[in-house]
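Each chain, letter by letter, is given below.
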Amino acid sequence: MTCNSETTEGWHGKLNLVYADRHNTTQLIYSHQQAPLKVQRPFYPEGQKVCHSVILHTAGGVVGGDRLSSNIHLQPHTHALITTAAATKIYRSNGLQARQTLQIQVDAGACLEWLPQETILFNSAIYQQDLRVELTTGASFLGWEITRFGRSARGEKFLQGEWRSHTEIWQQGVPLWIDRQWLPASEEIFHSPYGLAGKPITGSLVWLGDAVSAEIVEKIRILGNGVGETGVSRLQHGLLCRYRGDSTSEVRNWFTDIWQLLRVSFLNCGNCIPRVWQV
């Protein structure tokens, strides 16, 4: 199946968020939203310094031809945690590509925790996500992506369609991490050790802001013992963790443990699970 990027059909959802520091409180000072994207009113379960925001996709799922565009800007000395209200569902394509583009800017002394719930690709979905993060010196970013290929609980496999994921994180014109993944769906790719190896779920977690010690890397590897297929790598200014396995809850629990460890080690924050995850 080939993807057709030329389309006049589908939703074009837009979201533009700007966070600023006001009297040592991170506030969402600007919000422009166009359906089906929407952001809930910010809340502060761990004090005024960390602003929690939840993004909703009000249409329920993404179809071929949809375009979702988000621009997020954290001004100096702000701290935001952004997640989604539910898993993102990418429905079977009508032959058109669905695409999401995210542009994130994090200024000096600011930190973004980008923790969306998982993306579920239905069989025959055609989807591309482009994420670019621009970090100013002294900024930090912690983010993850969890993807389920096929509704495996129903026995569905991702055997037709296409998935592309392009992530770039830059700092002052220097690339810190560039990750390009492409999965053209087929029986062979689904079962290949160089593809999914029969495992329907993949995940990536990246931290960029401060160097991570060998001791923390070892702790994370121990946390991952018995958890699917995992990998932990030190980056020049951070850390990268990978997962391939069978269980969304398994990867989410491992990533949550890593996130909490990094929060305590680098962000002077304690444990605070977003309430939307607990519904």
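A brief look at the structure comes next. The model shown is predicted, which means the values in this text are computed figures rather than measured ones. (Residues numbered from 1 in each chain as written. Predicted model: local features only at pLDDT ≥ 70, side-chain atom pairs only at ≥ 80, totals over all residues. Heavy atoms only, no water.)

### Examining the overall build of the protein
1) Next: What the protein contains, in helices and strands, is three helices and 17 strands.
2) Next: Here the C-alpha atoms of the protein give a radius of gyration of 18 Å, agreeing with the 19 Å that 2.2 N^0.38 yields for 279 residues.
3) Next: For the protein, the residues scored as buried account for 52% of the 279 residues in total.
4) Next: Counted over contacts in the protein with a minimum sequence separation of 6, partners at least 24 positions apart contribute 73%.
5) Next: With an accessible surface of roughly 12600 Å², the protein has 48% of that area assigned to carbon and sulfur atoms.
6) Next: Looking at the protein, you have 25 positive and 24 negative side-chain charges, and the mean spots of the two groups are 4 Å apart. (Helix = DSSP H or I, 4+ residues; strand = E, 2+ residues; numbered from the N terminus. Rg over C-alpha atoms; globule rule 2.2 N^0.38 Å. Buried < 20%, exposed > 50% of the residue type's maximum accessible area, 1.4 Å probe, protein only. Contact = heavy atoms within 4.5 Å. Areas by Shrake-Rupley, 256 points an atom, 1.4 Å probe, with all protein chains shown as cover. Lys, Arg positive; Asp, Glu negative; His and termini not counted. Charge placed at Lys NZ, Arg CZ, Asp CG, Glu CD.)

### Overview of the side chain of His-166
1) Next: With respect to the element layout, His-166 can be found in strand 13 (residues 162–171).
2) Next: Of the polar contacts made by the side chain of His-166, one reaches the side chain of Asp-130; its length is 3.1 Å. (Polar contact = N/O pair within 3.5 Å; in protein donor to acceptor, adjacent residues only side chain to side chain.)

### Here's the deal with the pattern of salt bridges
1) Next: Considering all chains together, one arrives at 13 salt bridges under this definition.
2) Next: Between Lys-199 and Asp-246 there is a salt bridge, and its shortest N-O distance comes to 3.2 Å. Here Lys-199 is found in the loop between helix 1 (187–191) and strand 15 (201–208), whereas its partner Asp-246 is found in the loop between strand 17 (238–245) and helix 3 (248–267), with 47 residues between them in sequence.
3) Next: Residue classification places Lys-199 among the partly exposed residues on the basis of a relative accessible area of 24%.
4) Next: Taking the relative accessible area as the measure of exposure, Asp-246 reaches 46% and is therefore partly exposed.
5) Next: Glu-229 is the partner of Arg-244 in a salt bridge, and the nearest nitrogen-oxygen pair spans 2.7 Å. Taken together, the positions of Arg-244 in strand 17 and Glu-229 in strand 16 (residues 229–235) put the pair 15 residues apart, joining distant regions of the chain.
6) Next: You can call Glu-229 partly exposed: its relative accessible area is 34%.
7) Next: Several salt bridges share partner residues, and in doing so they unite Arg-132, Glu-134, Glu-168 and Arg-180 into one network. (Salt bridge = Lys/Arg side-chain N within 4 Å of Asp/Glu carboxyl O.)

### Some details on the nonpolar core
1) Next: Core analysis: the biggest nonpolar cluster contains 43 residues, and Val-106, Leu-112, Leu-135 and Phe-141 have the highest contact counts within it.
2) Next: Membership of the second largest hydrophobic core comes to 31 residues, among which are Val-50, Leu-81, Leu-142 and Ile-258. (Core = buried A, V, L, I, M, F, W, Y, C linked by side-chain atoms within 4.5 Å.)

### Some remarks on the environment of Gln-40
1) Next: Topologically, Gln-40 is positioned in the loop between strand 3 (37–39) and strand 4 (51–57).
2) Next: When neighbours within four sequence positions are excluded, Gln-40 is seen to be in contact with Val-54 and Leu-56.

### Description of helix 2 (residues 214–223)
1) Next: The complete set of buried residues in helix 2 reads Ile-216, Val-217 and Ile-220. The buried residues of helix 2 all sit within an arc of 100 degrees when viewed along its axis, so they share a single face.
2) Next: Those residues of helix 2 that are buried lie in contact with strand 16, strand 17 and helix 3. (Arc of directions from axis to C-beta.)

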